[in-house]
Amino acid sequence: MFNANRRYMADFDWALLSLAVGLAAFGVLEIWSVTTTHGTATGFWRKQLVGVGIGLVVMFLTTRFDYRRVVNAAPYLYGVGIALLLLVFTPLGKVVNGNRSWLELGSFSFQPSEMAKIFTLMLLAYYLAGVRKRPLDLRTVVVTVGIWALPTVLVFLENDTGSALSYTSFLAAMLFLAGVRWSWVAAALVAVVIAVIVAAPRIKNCESYKCERVKSVYWPDLAQKRFRYQNEQAEIAVGSGAVLGKGPRGSTQGSLGFLPEVHNDFIFAVASEEWGFIGSSLSLTTYLIIIARLIQIARRSRERVGLLLVAGLAALLLYHVTVNVGMVLRLLPIMGIPLPLMSSGSTSVVATCFGLGLAISVRLRRFVN
Amino acid sequence: MASDKNQSFDSTEDLRQAGLRLQIIYYLAIVIFAALIARLWYLQVINSQGFKDRAEANRIRVIPIPAQRGTIFDRKGRVLVTSKASFNIILSREGVKDSELPQIADLLAEHLEIDRQWLAKRFEDAKYGAQYESIVVKELASESDIAWVNAHGYEYPMITAEEAPQRLYLYGQLAAHALGYVGEVSPEELKKPKGPFSKDNGYKLGDIIGKFGIESKYNDILTGKDGERRVLVDSRGRIQLNGEIERIKPVPGRDLYTTLDLDVQKAAEAQADTMPAGRGAVAMMDPNNGEILAMVSRPAFDPNIFSQRAKTPEGKEEIRELYEDPDKPLYNRVIQGGFPPGSTWKLLTAVAALNEGTITPENSRIQDGDIQVGNYLQHSLSHLGQPTIHDAIVHSADGYFYRLGLKLGVEKFENWVKLFHFGQRTGIDLPNERAGIPPVRQTKLREFEVPIKKAEKQLEEATDKTFRAQLEFRIKQLRHEAEWTDFDMINSAFGQGRNASTPIQLLRYVGALANGGHLHTPHLLLRAVAGIDRNGEEHTEASYKDENAFDVPMSDTIHKIVVDGMYGVVNEGGTGGGARVEGFDVCGKTGTAQVASKDKSGKKTNDHAWFISFAPRDKPEICSVVLTENAGRGGRESAPRTQAILEDYYRRTRGLPPKPEEAQAENGGPGTAPGNPGGKTRPPGAKPQAQN
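To start, this report covers the structure provided alongside it.

The rules behind each value
- Each chain carries its own residue numbering, running from 1 in the direction its sequence is written.
- Lettering for chains starts from A, numbering for ligands starts from 1, and both go in the order in which the items are written.
- Since the coordinates come from a predicted model, pLDDT governs what is reported: local features require at least 70, and pairs of side-chain atoms require 80 or more to be given and counted, while whole-chain, interface and lining totals use all residues.
- Derived side-chain values reflect all non-hydrogen atoms in the structure, with water molecules and hydrogen atoms excluded from consideration.
- Throughout this description, the term nonpolar core refers to a set of buried Ala, Val, Leu, Ile, Met, Phe, Trp, Tyr and Cys residues connected via side-chain atoms within 4.5 Å.
- Buried means the residue's accessible area, taken with a 1.4 Å probe over protein chains only, is under 20% of the maximum for its type, while exposed means over 50%, and partly exposed covers the values in between.
- Two residues form a contact once any of their heavy atoms are found within 4.5 Å.
- Here, any two strands with at least 2 DSSP bridges between them count as paired.
- Strands here are runs of E lasting at least two residues and helices are runs of H or I lasting at least four, both read from the DSSP assignment and numbered beginning at the N terminus.
- Here the axes come from fitting lines to C-alpha atoms, over the contacting stretch only for helices, and the angles between their N-to-C directions go from 0 to 180 degrees.
- Here the quantity called buried area is the accessible surface, traced with a 1.4 Å probe, that two parts lose on coming together, added over both.
- Salt bridge, as applied in this entry: a Lys or Arg side-chain nitrogen positioned within 4 Å of an Asp or Glu carboxyl oxygen.
- By the criterion applied in these results, polar contacts are pairs of N or O atoms within 3.5 Å in which, for protein atoms, one can donate a hydrogen and the other can accept it, and in which residues neighboring in sequence qualify only through two side-chain atoms.
- Any residue outside Ala, Val, Leu, Ile, Met, Phe, Trp, Tyr, Cys, Pro, Asp, Glu, Lys and Arg is labelled polar, Gly included; the first ten of those are nonpolar and the last four are charged.

### Topic: the nonpolar core
Okay, so step 1: If you look at the biggest cluster of nonpolar residues, it comprises 122 residues, and the most contacted ones within it are Met295(B) and Phe420(B).
Okay, so step 2: Apart from the residues lying within four places of it in its own chain, the contact partners of Phe420(B) are Leu348(B), Val351(B), Arg508(B), Tyr509(B), Ala512(B), Leu513(B), Leu519(B), Phe550(B), Val552(B) and Met554(B).
Okay, so step 3: Among the nonpolar cores identified, the runner-up in size contains 118 residues, and Met122(A), Leu284(A), Leu329(A) and Phe33(B) belong to it.

The structure is reproduced here in structure tokens:
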């Protein structure tokens, strides 16, 4: 036991942990800064601190378990995830910002889609690891897409497009890694390009809020002013941070209410405003290092399930960071996607920590078969 | 079957291939992050300045603190116009829906002690007003009002207390036309690209500027440098707690001393108040330098309406009435009113004739009485036989001046009209001065220009022979009519005919008669104290510089004849006996300007009564012009008014006790007070026949 413990301590991915904790702490700092400087919403940073605490506990617990045993439970967890997603449509569900993606249980509320995301990812790893074929046949692909489709459609029905798309990110990555033919990959890419070409003119003429959000990034002249507002204020926040930033508690765009949703989806804007290019590029680099680390863990995994699991997590993380930061920097339309570890929101933090726990677990067990 | 497949599945190869594909994902991640960081570089390093400015514009609101305008004093340092600090409670229309107004009205009525109904009406009016115009819900707010507004700034960011120094005209309508009034700069003025109050000059909506009179003319002196408060606001425009970042104090405008003498002004106002038609003008000046001591125009207005009530519905109504009043109270008759000067003009004819040698001091007798001009008999009210120039002036002998005019001839006469600069603005430091119309040939020609041109044009187009002949005849006739006739000459010689002169022109003219031919530019600015202007530039103390003064040639002999004549008018049984002030040696000249033909009667067609004067005779220190519109004869209406003002002036400057019966002038006016005690003035109408 002592030996095992010593080995656990030695093999534990302290680097990954410290990078993650660093980002989470930075997140709490920024939430505190932006909600308390001029406002009185002091609750957010405390909640976030609790969320990070729970997340770390969940992470350590997860690393204690052999990830293979955890993955074996994936079908059940997936079932639980689907059940939670369905619960959202009952009176227990809560609508926040037009998204019906919250469950409210007494004073405790959380977003099932964040949990279901990891469970779906696990089930995909579980299933694809069992398919010992390369390249994948059509049947496998169909089943995989089926596993993906059920929660994705539910999330989509919750009106949470950003999250629905996040399911697609790890689906694509895992199918790609599990051995889809190159021709299919090419076909999928061509399909995406065609979809974009077909959709673009339609979006230009469409005035639903989703279209407006797209237009306000790519065709700002066509977008309504009220939809451009958030994009413009985010740009101003980031840009006015300049190289060195305005310092902690120096945010004006965020703390004076010019930027809505500042403590969760737009926390990166505040971080950029207060810490400037130095801070924003450093935190982005930290995310990149974490993703690179996950990819490395996946590569070193001696078996398919570990590889797919960790690579899926890496893809999911990459998606979240790209979409969130992309929308803050006005490169992508605004979608309700939190920045992992930093955005205010316990479910997201705990889910991310759970995912990182799984990855660390994979790394711990890379030598034992 | 499963095992078969398992056998064909090479786990190591699978992991190797997956690893290769992972590498692709890794590169993809690097590309994506490179793009994100490039975007950060673009926003935060390359373009940060623009975003910084926009962030500042977001968070900081600049609230101007208007500077107080400079105080306007009279020549002895008595305050005429001042500004007092005050606050208005303002409701911003920005972001306030019409449907919210009743609630806001309730709120304001409850906490700021404003009449609910009055407020409802104001809001109703405001709905149709310009969108940018914020609503003044309370003027001259009390300290508790301001405290309430400031305490609730977070809940009700649209309600603010704004500093608005109030311009206070201490004496109401006293000297209103000279002092002028202030008001908000209009959108039109802002738009004018090169206008004095354009946006380019830094003016903005809501700025208070001088609109009339001294306030307008010396706006640059009186306007101070606005200060500002920079406050921190949130996205809803709410000022944050302790949100004041910076406060730049306003610098008040420069004080201005006018040449007006409050005592003289008050006396002049009192006399103007008794004018029977309620219309007329009084102006007093120091003939030695052109300093205006008093300026009155009737009817008058209270400039406080513009500075204090212009935004209230009641005030707007009052202002509208001022504009619509047919008697034009906003019109400064002293500089904007053109009237035939009547017999006051005879002095010009006399000076001209003496200078040109038409008559000489030794030999100046000319026939008086009616004169036959062509087939028209021009009557004269005087029949003095063959008076000298002195007697002709004293008794205002019309017949004498008819003939003198004819002897002088139009060329020489015109020359003297021009020498005295009639038909030109005096250049007084007030806006909107009129040039008047001089009695010269050109004026008459111009009258016929239009019909002649019209006929000529018709002639060009006409083909019918008879019609052409008719037109040619008509043109010939018109040309003939346009020529200067003897009739024109005799009328012009005694101040009738085509002559529209302003009281200020006559004032400068009588000043020159008093001082021997020096025409100083009448002016109201004595000095402006040192200080900074609205752009922050330093200015030292400045006084008025008369750059347009000029002389008319007038020998001492001629000067003496004129002065003696004018002295006689007042003191030797002349037409202006009503202006006599014991011990002050008043010299003057009456004038009665015919307004319409004699057979029409009624107030508006009564003659205008003129009296011009100076005193004392040997060392003149004050000159005056009094015009009583549609009142009758100058000697009866305007000379006694002049007398009252000069008497008051004389007694004050000589340290004598005020005249005991002064109250008399107030009831009934001088026209109905024939029995001035001590025989200082002759009973009016003593020589009515000689007043023209």
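### Some thoughts on the sheet that holds strand β5 (residues 135-138) of chain B
All names here are of chain B.
Okay, so step 1: As summarised here, the arrangement of the three strands in space is β5-β4-β6, forming an open sheet in which the pairing is antiparallel. Looking along the sheet, the strands with just one partner apiece sit at the ends: β5 and β6 (159-163). The sheet shows a mean angle of 45° between the axes of neighbouring strands, direction not considered.
Okay, so step 2: Of the pairings in the sheet, the one linking strand β4 (residues 87-91) to β6 comprises five bridges and is antiparallel in character. Bridge pairing in β6 links phenylalanine 87 to glutamate 163.
Okay, so step 3: Sheet strands in contact with helix α5 (residues 116-127) are β4 and β5, and its direction is about 175° off that of β5.

### A short note on the interface of chain B and chain A
Okay, so step 1: Taken together, the contact pairs 39 residues of chain B with 57 residues of chain A.
Okay, so step 2: Summed over both sides, the interface of chain B with chain A buries roughly 4300 Å², with 72% coming from carbon and sulfur.
Okay, so step 3: When the buried area of chain B at its contact with chain A is split by residue, Arg21(B), Phe33(B) and Gln44(B) rank highest and sum to 18% of it.
Okay, so step 4: On the surface where chain B and chain A come into contact, there are three salt bridges.
Okay, so step 5: Of the charged contacts in the structure, one is a salt bridge between Arg134(A) and Asp14(B), with a shortest N-O distance of 2.5 Å.
Okay, so step 6: In this structure, the connection of chain B to chain A is made through 16 residue pairs in polar contact (both at pLDDT 80 or more).
Okay, so step 7: Mapped by element, the contributors of at least two residues to the side of chain B that touches chain A are α1 (2-8), α2 (11-46), α3 (48-59) and β10 (227-233) of chain B.
Okay, so step 8: A per-element tally of the side of chain B that touches chain A places α2(B) first, with 24 residues.
Okay, so step 9: Of the residues belonging to the side of chain B that touches chain A, the class tally is 21 nonpolar, 10 polar and eight charged.

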